[in-house]
Amino acid sequence: MMSKPCIISVAITGSLPQKKDNPAVPISVSEQIESTQEAFEAGATIVHVHVRGDQGQSSSDPERFLAFKNGINKHCPGMIVQFSTGGRGRESELRGGMLHHRPEMASLSTGSVNFPGMIYENHPLLIDELAKKMLEYDIKPEIEAFDLSMLYNVEKMVKQGLLKSPVHVQFIMGMPGILPANKEVLKFQIEQLNKVLPDATWTAAGIGRHQLTLNNWALELGGHCRTGLEDNLRFDKDRLASSNAELVTRVAELTTEYGRTVATPAQAREILSLPASH
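These remarks concern the structure in this document. Since this is a predicted model, take the numbers as computed values, not measurements.

1. Digging into the state of the cysteines
- Going through the model one piece at a time under the given rule, you end up with zero disulfides.
- Of all cysteine sulfurs, the one in Cys 225 lies closest to Cys 6, which takes part in no disulfide; the gap is 3.8 Å.
- Assessed through its relative accessible area of 0%, Cys 225 is described here as buried.

Right, here's the structure in full:
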């Protein structure tokens, strides 16, 4: 297990961070493409993207998603583009409105959860609707699991034919209202995933100061890593991160401490059962 290549996902922007929080946050599509290319060259093979409007606000504009996807396909050969269907600042009916552009992956939360200051609402009908669209457009979901119940919802959806096996699950930890950044909790989730969906793959993501902690745990436990300015604006307690690429580089360097390697685009595709790039 320890020799298994690690897929590094980079969450470049998110729906909340602004340049006033960290000047490195890429807002425009052109900035996002440039930031992603740097992260790709540092070792990231998946990019998770939220697009923004002209005023920096969370946007559902399908054409911005398409422009981003086209830019990554051009400048980052083989990189896997993952559209966010997340709900911050976006109306429910618009959250899947860009899936017809057929990214190779898209995020899918399988339950509702309390975020600081808001309810991240994922109604069962919305979850099913997004899953059906992903099936229609041959998109592999990344299941965003903020709570343990979301994992069992995935098992049910696989049995219903709404999700294809093997699924890919991301355990997100370390923010008020979701599961804590606790290693025993993560190990329990992995054990349960292996029981109910033994062919699944998984990534762990930590929010804020927990990002690096979850990177270490994922490498130790045989999973994959997510990093990026969406989740964490700082490199450490003393300074802001200078770029998404800096955060990716840190994870890439960390893999060697666990006897792991950084997955190439071809290896990432094989691990995730995605077609080879052309």
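There is more to say after this.
2. Notes on the pairing of strand β11 (residues 201–206)
- Burial analysis of β11 places six of its six residues in the buried class, the great majority of the element.
- With burial as the criterion, each face of β11 is covered, one bearing Thr 201, Thr 203 and Ala 205 and the other bearing Trp 202, Ala 204 and Gly 206.
- Where strand β10 (residues 168–173) and β11 come together, six bridges link them in parallel fashion. Bridging across to β11, Gln 170 finds its partner in Thr 203.
- In terms of handedness, the path from β10 via helix α5 (residues 183–196) over to β11 forms a crossover that is right-handed.
- In terms of strand pairing, β11 meets strand β12 (residues 224–227) through two bridges, oriented parallel.

3. Points about α5
- Taking 1.5 Å as the rise per residue, α5 with 14 residues should run 20 Å; its terminal C-alpha atoms sit 20 Å apart, in good agreement.
- Residues of α5 that are buried: Leu 186, Gln 189, Ile 190, Gln 192 and Leu 193. Considered in projection along α5, the buried side chains sweep an arc of 165° and stay on one side of the axis. Relative to its buried face, α5 has exposed residues pointing more than 90 degrees away, namely Glu 184 and Lys 195.
- Residues of α5 that are buried in the fold lie against α4 (148–160), β10, β11 and α6 (211–221).
- At the N-terminal end of α5, a side-chain oxygen is found 2.9 Å from the backbone nitrogen of Glu 184, two or three residues along, and the residue is Asn 182.

4. Examining the pattern of salt bridges
- The full count for this structure, using the stated rule, is 12 salt bridges.
- We note a salt bridge from Asp 61 to Arg 64, for which the minimum N-O separation is 3.3 Å.
- Residue Asp 61 is classed as partly exposed on the basis of its relative accessible area of 28%.

Analysis parameters
Residues numbered from 1 in each chain as written. Predicted model: local features only at pLDDT ≥ 70, side-chain atom pairs only at ≥ 80, totals over all residues. Heavy atoms only, no water. Disulfide = S-S within 2.5 Å. Buried < 20%, exposed > 50% of the residue type's maximum accessible area, 1.4 Å probe, protein only. Helix = DSSP H or I, 4+ residues; strand = E, 2+ residues; numbered from the N terminus. Pairing = 2+ DSSP bridges. Right-handed = clockwise from strand over helix to strand, strands pointing away. Expected span 1.5 Å × (residues − 1). Arc of directions from axis to C-beta. Contact = heavy atoms within 4.5 Å. Polar contact = N/O pair within 3.5 Å; in protein donor to acceptor, adjacent residues only side chain to side chain. Salt bridge = Lys/Arg side-chain N within 4 Å of Asp/Glu carboxyl O.

Function cannot be read off these values alone, since they describe shape.
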